[in-house]
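Read off the chains here:
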Amino acid sequence: MTYSVRKHGDVLSTGNVLQIGSTMLFVSCLFFVYFQLWVPVYCDTEQLGFFSDSKSSGQVAKETGSSSCGCDALKRDVGVDVGEELSPHLEDPAEKYSKAANEENVEHHREQDIRSKMVLLKSSWFFMGTDNPGIPPDGEGPQRRVWVDSLYIEQHEVTNRQFQHFVNQTLYVTEAERFGDSFVFEELLTEELKSKILQAVAAAPWWLPVKGADWRHPEGPGSTISDRLDHPVLHVSWNDAQAYCKWAQRRLPTEAEWEYACRAGLQDRLYPWGNKLLPKGQHYANLWQGDFPTTNTADDGYIGTSPVRIRASDSFGLYDMVGNAWKWTADWWNVHHTPEDKHNPTGPATGTDGVKKGGSYMCHKVPHFCLLTDLSL
């Protein structure tokens, strides 16, 4: 799941932000202190371009020369009525929230507040994007100076435990559950289950459609989250993330807010901690090790997702800003940017593809993780 976020205004000095594969509730659902809420999620709730082919995943990866996990190839052509139309972001990104909305003793959290702690990010200018994009189609250029108001953002991604609490209180049903299937990375499936699946995604055959795969059953029937309650929740769509954020009284972060948080005060660095992937031989993120998509050496100890907060935080006090699971943001995807200074920018008013940031445990050979973008709903 992603993180949630809240704006830091005159009314209060603390706030709540969620991280849900995408971002936070109060202004953003990155689950970070800055009104951003992000929920790291798999792109597993979308469906597109199935095909049957004798080519292996490894062959396709080598032929395309892609460093992508193929998440952008997953997309549903139909939507699900979630009962209420949700805007991708609030109209006024600088909107201040009332004291009542930020109180810690909100009724539905009084008995047990399982929401993530939030970190305050002070307002500042930063340089967003780059003039030398490693993946030009992502639309991360040009580099431009951006002002972001102070906000709270959650420390880490929304976990299975937190999402389970939300579902138990609201009886919410995710879109993957309503569709009846979701995509799962083939290496996480049993041979018996894979033998029953005759279709795959042409551009990324390592993604397989699995009946019964959802947040409770990440690898389909027979799998469980009982031993992964502190892992980020998966199979969560943008609408699911929005529903969680609304319940938690937080919001998803804008793409600008998320990138500001991810950079952790550094500029022109490959990672939130600097330019070295493995400083002093230590793993600072859950990323792919080995030859994608056929061999994951799991040098960091995990084949798939890992628990949140098991690695060192960045200088902002945030965890897993890159890797582990994709993070939803509030914005629609846009590749047309200008170099002028911006204040609290948001994405287009409308669009067809939501923006996810930060990558997942499947990502590899990425030139700049804070710029890494994926799109889908």
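If you're wondering where the values come from, they're calculated on a predicted model, not measured in any experiment.

Turning our attention to helix 6 (residues 238-248). Where burial is concerned, most of helix 6 is hidden: nine out of the eleven residues are buried. Within helix 6, the full set of buried residues consists of W238, D240, A241, Q242, A243, Y244, C245, W247 and A248. Taken from the residues just after helix 6, Q249 is the one with a positive phi, measuring 60°.

The subject of this paragraph is the packing of aromatic side chains. Using the criterion set out here, one finds 16 aromatic pairs in the structure. Ring geometry for Y260 and F316: centres 5.9 Å apart, planes at 55°, overall tilted. With Y260 in helix 7 (residues 255-263) and F316 in the loop between helix 7 and strand 14 (326-332), this residue pair connects regions lying 56 residues apart in the sequence. Classification of F316 by relative accessible area gives partly exposed; the value is 22%. In this structure an aromatic cluster arises from ring pairing among F163, F166, Y172, W215, Y244 and W247.

Turning to the pairing of strand 9 (residues 144-148), a few remarks are in order. Side chains R144, V146 and V148 of strand 9 all project onto a buried face; the interleaved residues R145 and W147 project onto a face where none is buried. Where strand 8 (residues 124-128) meets strand 9, five bridges bridge the pair, whose relative direction is antiparallel. For F127, the partnering residue across the bridge sits in strand 9 and is R145. Sheet analysis places strand 9 next to strand 15 (residues 342-343), joined by two bridges and oriented parallel. By the bridge assignment, V146 is partnered in strand 15 with K342.

Attention shifts here to the environment of P348. By secondary structure assignment, the location of P348 is in the loop between strand 15 and strand 16 (354-357). Here P348 falls in the partly exposed class, since its relative accessible area comes to 24%. Taking the C-alpha atoms as reference points, P348 and H336, separated by twelve residues in sequence, lie 10.0 Å from one another.

The next subject is the nonpolar core. F163, F166, W215, V233, Y244, W247 and L252 are the most contacted members of the largest nonpolar core, which has 21 residues in total. By residue number, the principal contributor to this core is helix 6, which donates seven residues. In terms of nonpolar packing, the next biggest core, distinct from the first, is built from 18 residues, M128, V146, I153 and A261 among them.

This paragraph deals with the sheet that holds strand 9. Pairing is mixed across the open sheet formed by three strands, whose spatial order is 8-9-15. Two strands close off the open sheet at either side, each with one partner strand: strand 8 and strand 15. Helix 7 contacts strand 8 and strand 9 of the sheet and is inclined by roughly 95° relative to strand 8.

About the thresholds
- Residues numbered from 1 in each chain as written.
- Predicted model: local features only at pLDDT ≥ 70, side-chain atom pairs only at ≥ 80, totals over all residues.
- Heavy atoms only, no water.
- Buried < 20%, exposed > 50% of the residue type's maximum accessible area, 1.4 Å probe, protein only.
- Helix = DSSP H or I, 4+ residues; strand = E, 2+ residues; numbered from the N terminus.
- Phe/Tyr/Trp six-rings, centres within 6.5 Å; stacked < 30°, edge-to-face > 60°.
- Pairing = 2+ DSSP bridges.
- Core = buried A, V, L, I, M, F, W, Y, C linked by side-chain atoms within 4.5 Å.
- Contact = heavy atoms within 4.5 Å.
- Axes fitted to C-alpha atoms, helices over the stretch in contact; angles between N-to-C directions.

Geometric descriptors of this kind do not, in isolation, establish any biological role.
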